[in-house]
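Here is how the chains run, residue by residue.
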Amino acid sequence: MKQVVVVGASAAGLAAAETLRREGYEGTITLIGDEPYHPYDRPPLSKQILGRQWEADRVPLRAPADLDGLGLDLRLGTAATGLDLAGRTVALADGARVPYDGLVIATGVRPRRLPGDGGERAHVLRTLDDALALRDRLVPGRRLVVVGAGFLGAEAAAVARGLGVEVTLLEPTPVPLAPAVGERVGRMLAEAHHDHGVDLRTGVTVAEVADGGVRLADGTLVEADEVLVAIGSVPNTDWLEGSGLTLGNGLECDEYSAAAPGVYGAGDVARWHNPLFGTAMRIEHRTNATEQGMAVARNLLRPDARKPFAPVPYFWSDQYDFRIQAYGLLRGHEEVTVVEGALEERKFLAVYRSGDRVAGVLAVGMPPKALRTWRQAVATRAAWRDAVGELVPEGA
Ligand SMILES: Cc1cc2nc3c(=O)[nH]c(=O)nc-3n(C[C@H](O)[C@H](O)[C@H](O)COP(=O)(O)OP(=O)(O)OC[C@H]3O[C@@H](n4cnc5c(N)ncnc54)[C@H](O)[C@@H]3O)c2cc1C
């Protein structure tokens, strides 16, 4: 292999490029990114950047000298616009055609949007520019409506409160995040918002961003000076339309994270078969982006000794004065049991069951080491009865 092209210059793409070099690959690596910046980290955008603890110079993932050391053919500010699978070339917006014998697709996701034009008052939060634009407008007393109480919306609401902003958080489901973390944990998160003065309204569907705020499905106008739309994301696969790759909810990949011979997907854009859980998944978590970028680089380099990508997904989220951490596959769980601490104290560890197995663990306000044994239980697909049964008295 002499020419690797990596499309998407962020966490997953950078991890792939670095791993190729670390593993001794000496050929060309072309790293293509449509943003004008060197690869940077997104989690701080809704935390330290929005909260004004950090300036923008803290988010780059590598110092310029370290990036130089990788010897990349770096094409920033340039989108990939097409893929010729048979001819093995990637087409770029500037008219260039870049040949490859190995390709990593790591183009991530973009925010879903609502109809309506809020002009400069309507925000999404995905890029550094998004975060800086929103931050400029979060001044004490201003009214912010956040649409969507998922992790992103919840983090932004928490930070905005800390800046003295009046926050209304609108969520269509009755309990925020319940499908992901369960009703009881979701209610605890809702209470945290109430305690910090957020006007959380659940069971509310927003139809559009309107003049002066957002318009609900029932026609009511919720007034706002600024609107943050945090209603999920769309995989960036448009440039792959017609290429012959399978696109659905992301780029479809097999258990090696391969989308076609010599073509791999990594990070938020990739939906692959995770053999550990026996199911396909697309994970929008920071740690997974790096792990998958590393895994696909190794599989590219060693076609005869490829390894399935079978991680235990991990994520964290910072809200108010607590950190949520979770391992495993919580969505689709059938039972949640608190095995340590108490929900009311916002300091606990909850374990999630799917079928007869431990599927995941979530902790709030606990040190990372508290989760370690439970991560192991997820990784070994431990039987629920063995791992949890003896900790919970019958009928509890
Ligand atoms: C505000 C925010 C907070 C977050 N907080 C957390 C957190 O607390 N914990 C956690 O686990 N995860 C968090 N995440 C998620 C985490 O940041 C992502 O999982 C991670 O960034 C995914 O990395 P990626 O490289 O797959 O994709 P991305 O970071 O989305 O990068 C993809 C890159 O490809 C570029 N691109 C897209 N299309 C093209 C094209 N056609 N040509 C060239 N380039 C293209 C994009 O512009 C982008 O630069 C957060 C995300 C955001 C936005």
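Residues numbered from 1 in each chain as written. Predicted model: local features only at pLDDT ≥ 70, side-chain atom pairs only at ≥ 80, totals over all residues. Heavy atoms only, no water.

A.B. asks: In this structure, what is going on with the site of the ligand? I would like to understand it.
C.D. replies: Neighbouring residues of the ligand: 35 residues in total, closest D34, E35, R42, K47 and R126. With respect to the ligand, the backbone of A11 contributes an N or O atom lying 3.2 Å from an oxygen atom. R286 has a polar backbone atom sitting 3.1 Å from an oxygen atom of the ligand. Contact with the protein chains hides 93% of the accessible area of the ligand, taken as 1,000 Å² for the molecule alone. Going through the elements one at a time, α1 (11-22), β2 (28-33), α4 (151-162), α7 (286-301) and β24 (314-319) are the ones with two or more residues in the shell around the ligand. Of the residues that constitute the shell around the ligand, the class distribution is 16 nonpolar, 10 polar and 9 charged. (Near = heavy atom within 4 Å. Polar contact = N/O pair within 3.5 Å; in protein donor to acceptor, adjacent residues only side chain to side chain. Areas by Shrake-Rupley, 256 points an atom, 1.4 Å probe, with all protein chains shown as cover. Helix = DSSP H or I, 4+ residues; strand = E, 2+ residues; numbered from the N terminus. Nonpolar A, V, L, I, M, F, W, Y, C, P; charged D, E, K, R; others polar.)

A.B. asks: I tried to follow the pattern of salt bridges on my own but got confused; where do I start?
C.D. replies: Oppositely charged side chains can form a pair if their charged atoms are brought close together. Enumeration according to the criterion identifies 24 salt bridges in this entry. The residue R135 makes a salt bridge to E55 at a minimum N-O spacing of 2.9 Å. Of the two residues, R135 is situated in helix α3 (residues 128-137) and E55 in the loop between β2 and α2 (64-69); the sequence distance between them amounts to 80 residues. Residue class for E55 comes out partly exposed when judged on its relative accessible area of 47%. Between D195 and R346 there is a salt bridge, with its nearest N and O atoms 2.6 Å apart. (Salt bridge = Lys/Arg side-chain N within 4 Å of Asp/Glu carboxyl O. Buried < 20%, exposed > 50% of the residue type's maximum accessible area, 1.4 Å probe, protein only.)

A.B. asks: Whenever I open this one, the UniProt feature "domain: Reductase C-terminal" (unreviewed entry) in the protein confuses me. Can you help?
C.D. replies: The feature "domain: Reductase C-terminal" (unreviewed entry), as given by UniProt, occupies residues 314-384 in the numbering adopted here. Along residues 314-384 the backbone is 17% helical and 52% strand, and the end-to-end C-alpha distance reaches 20 Å. (UniProt positions renumbered as here; feature names shortened; annotations may be inferred.)

A.B. asks: Quick question: what am I supposed to make of the layout of surface pockets here?
C.D. replies: Rolling a probe over the atoms, with the probe sized like a water molecule, indicates the empty space that remains. Approximately 200 Å³ is the volume attributed to the second largest pocket. Listing elements by their share of the lining of the second largest pocket, those giving two or more residues are β9 (122-123) and α3. When its residues are assigned to classes, the lining of the second largest pocket shows 6 nonpolar, 3 polar and 2 charged. (1 Å grid on protein atoms, 1.4 Å probe; cavity = no way out; pocket = protein on both sides within 12 Å on 5 of 7 lines; lining within 4 Å. Points joined across faces, edges and corners; volume = space filled by probe spheres on them.)

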